[in-house]
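One letter stands for each residue in the lines below.
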Amino acid sequence: MANQRRPLRIGRRRANQPRAFRHHPGDWRLDGPISWRSPLRRAAAGCRRCQWRLFRVAEAMAATCGDGGTGAGPGPGPGPGPGRPPPPGDLRSVLITSVLNLERLELDLFRGRHHWVPATQRLFGGQIVGQALVAAARAVSRAEQVHSLHCYFVRAGDPQVPVLYKVERTRTGKSFSVRSVKAIQHGKPIFICQASFQLSQGSPVQHQFTMPAVPPPEELLTQEELIQKFLQNPNLAERYRKHLNKIQAEDVPIDIKPVNPPDIFCSQLQEPKQLFWVRARGYIGETDMKVHCCVAAYISDYAFLGTALLPHRQYRIKFMVSLDHSMWFHAPFRADHWMLYECESPWAGGCRGLVQGRLWRRDGVLAVTCAQEGVIRVEQTPNQSKL
């Protein structure tokens, strides 16, 4: 009998693991909890293999958002022009690798965990909206894209426990499909959402508003740089210094550059309007458009309701939470590219405030429209000077 060569075996791997996971196999798991600290340390220390494998892990996780969670590869890029390639050693956005990476428990049941918890010790509303949209997107085909969602926050979220997302396949039609999502903690719903998806269709009926003329983001300071500038003022009251230090310490996975930042030392009332450039921190890349919509849902809630308080800065806030949140998606975009967030508040009263927002691509295309109403309670006695 002729000698037969045995096939070469290079380690053992699970069926759902790509070959890139051979390096440090205990740290690179697609199923169950993920330990990021040691890979991040190795990647930050210059380990090229860890950097590449972390890139591959994030890419695999982002791909699972579409095609009913089957893990289909990324589709054509949604943004205009060539995509921004990841520079060597760049880590993928934590919004993809952690915040919006849901664990599938059953066919339409998912579990989400928390990345950043605001100082109020309530769950960030944008996180719940984004994770709910991820769950809904995993229950439709890859060809269907989200065009709108409507949500209600019904209970305060507990940052100490994960959130369960139960998806109901309300309707699957030829052009439109509707998915209902209920977020649950301690056996009770804290959030309900309905998202509608559509197969791409062309139409000659098209129009949009004109994007405001503003300086480009390269000419503006980031929120962190502005806070540092305020903290350098020796006359800043200690109470406001502590508040700014607390904001600076928060690990918010969003890059923000205000166009007309409010002067905290000026008590003059402002118009209920604000403009700022926003993008996801880190690299996302060209993938299923639903991934970028989920990231935009997370971003859209940050500092949104605060627009209604700009004419009332003389009052101290006692309580402020979102009641509902709606979004309409109009055109493809990249959530890791700078977009202009135009926010305004047409009305406030009865301890409620209404805000509206528009996310513009840099080329002037209107990508997303948002609306939100929230509870706003303030102390009747105006604040003292910040100096």
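Scroll up for the structure.
Predicted model, so just to flag it, every value in this text is computed and none were measured. (Residues numbered from 1 in each chain as written. Predicted model: local features only at pLDDT ≥ 70, side-chain atom pairs only at ≥ 80, totals over all residues. Heavy atoms only, no water.)

Draft legend 1. Spotlight on the overall build of the protein. The helix and strand inventory of the protein stands at seven helices and twelve strands. Considering the protein as a whole, with its 387 residues, one finds that 44% of them fall into the buried category. Here the contacts in the protein between residues at least 6 apart in sequence split such that 74% fall between residues at least 24 apart. Surface summary for the protein: the accessible area is close to 20,300 Å², and the carbon and sulfur share equals 53%. (Helix = DSSP H or I, 4+ residues; strand = E, 2+ residues; numbered from the N terminus. Buried < 20%, exposed > 50% of the residue type's maximum accessible area, 1.4 Å probe, protein only. Contact = heavy atoms within 4.5 Å. Areas by Shrake-Rupley, 256 points an atom, 1.4 Å probe, with all protein chains shown as cover.)

Draft legend 2. Structural context of the pattern of salt bridges. In total, this model carries 14 salt bridges according to the counting rule given. When the shortest N-O distance is used, the salt bridge between Arg 169 and Asp 108 registers 2.9 Å. Here the residue Arg 169 occupies a position in strand β4 (residues 163-172), and Asp 108 occupies one in the loop between β1 (103-106) and β2 (109-112), the gap between them amounting to 61 residues. Judged by relative accessible area, which is 40%, Arg 169 ranks as partly exposed. In this structure Asp 108 comes out as buried when scored by relative accessible area, which is 11%. Where Arg 358 meets Glu 344, a salt bridge forms, and the shortest distance between an N and an O atom there is 3.4 Å. One end of the pair, Arg 358, is in strand β11 (residues 352-360); the other, Glu 344, is in strand β10 (residues 339-349), with 14 residues separating them in the sequence. Assessed through its relative accessible area of 15%, Arg 358 is described here as buried. Given a relative accessible area of 19%, Glu 344 falls into the buried group. Here the salt bridges share partners, and the residues they tie into one network are Glu 224, Asp 255, Arg 279 and Arg 281. (Salt bridge = Lys/Arg side-chain N within 4 Å of Asp/Glu carboxyl O.)

Draft legend 3. Spotlight on the pairing of β11. Sheet topology note: the β10/β11 ladder contains eight bridges and is antiparallel. Among the inter-strand pairings, Cys 343 is bridged to a residue of β11, identified as Gly 357. The antiparallel pairing of β10 with β11 creates a hairpin that spans two residues between the two strands, and Gly 350 there sits at a positive phi of about 60°. (Pairing = 2+ DSSP bridges.)

Draft legend 4. Fine view of unusual backbone geometry. The phi angle at His 186 is positive, at roughly 55°, despite the residue not being glycine. With respect to the helices and strands, the residue His 186 is situated in the loop between β5 (176-185) and β6 (188-199). For His 186, a relative accessible area of 61% gives the class exposed. Its identity as a non-glycine residue notwithstanding, Ala 303 has a phi of 60°, on the positive side. One can find Ala 303 in the loop between α7 (289-300) and β9 (315-329).

Draft legend 5. Examining the nonpolar core more closely. Grouped together as the largest cluster of nonpolar side chains are 67 residues, with contacts concentrated most on Leu 133, Leu 149, Tyr 165, Phe 191, Val 295, Phe 329 and Phe 333. Element by element, the count of residues in this core is highest for α7, at nine residues. Met 211, Val 259, Trp 360 and Leu 366 belong to the second largest nonpolar core, which has eight residues in total. (Core = buried A, V, L, I, M, F, W, Y, C linked by side-chain atoms within 4.5 Å.)

Draft legend 6. Inspection of α7 at higher detail. Across its twelve residues, α7 extends 16 Å between first and last C-alpha, which sits within 8% of the 16 Å expected from 1.5 Å per residue. The buried fraction of α7 is high, at twelve of twelve residues. Every buried residue of α7 is listed here: Met 289, Lys 290, Val 291, His 292, Cys 293, Cys 294, Val 295, Ala 296, Ala 297, Tyr 298, Ile 299 and Ser 300. (Expected span 1.5 Å × (residues − 1).)

Draft legend 7. Spatial organisation of the environment of Glu 344. C-alpha of Glu 344 to C-alpha of Ala 371: the two residues are 27 residues apart in sequence and 9.7 Å apart in space. There is a polar contact of 3.4 Å between the side chain of Glu 344 and the side chain of Arg 358. (Polar contact = N/O pair within 3.5 Å; in protein donor to acceptor, adjacent residues only side chain to side chain.)

Draft legend 8. A look at the pairing of β2. Residues Phe 110 and Gly 112 line the buried face of β2, whereas the alternating positions Leu 109 and Arg 111 sit on a face that is not buried. The pairing of β1 with β2 spans three bridges and is classified as antiparallel. Pairing of Arg 104 across the sheet is with Phe 110, part of β2. In this structure, the hairpin formed by β1 and β2 is closed by a connection of two residues. With four bridges joining them, β2 and β4 adopt antiparallel strand pairing. Each bridged residue has a counterpart across the sheet, and for Gly 112 the counterpart in β4 is Val 163.

Draft legend 9. Layout of the environment of Met 211. Within the secondary structure, Met 211 is located in the loop between β6 and α5 (223-231). Here the alpha-carbon distance between Met 211 and Gly 364, two residues 153 residues apart in the chain, equals 5.5 Å.

Draft legend 10. Region of interest: the packing of helix α4 (residues 125-137) against α7. Contact geometry for α4 and α7: axes closest at 7 Å, N-to-C directions at 160°. Accordingly, the angle class assigned to the pair α4 and α7 is roughly antiparallel. In the crossing of α4 with α7, the sense of the turn from one axis to the other is right-handed. Taken together, the residues of α7 that come into contact with α4 (itself represented by Gly 126, Gln 127, Val 129, Gly 130, Leu 133, Val 134 and Ala 137) are Lys 290, Cys 293, Cys 294, Ala 297 and Tyr 298. (Axes fitted to C-alpha atoms, helices over the stretch in contact; angles between N-to-C directions. Parallel < 35°, antiparallel > 145°, perpendicular 65-115°, else oblique. Left-handed = near helix turned anticlockwise from the far one by under 90°.)

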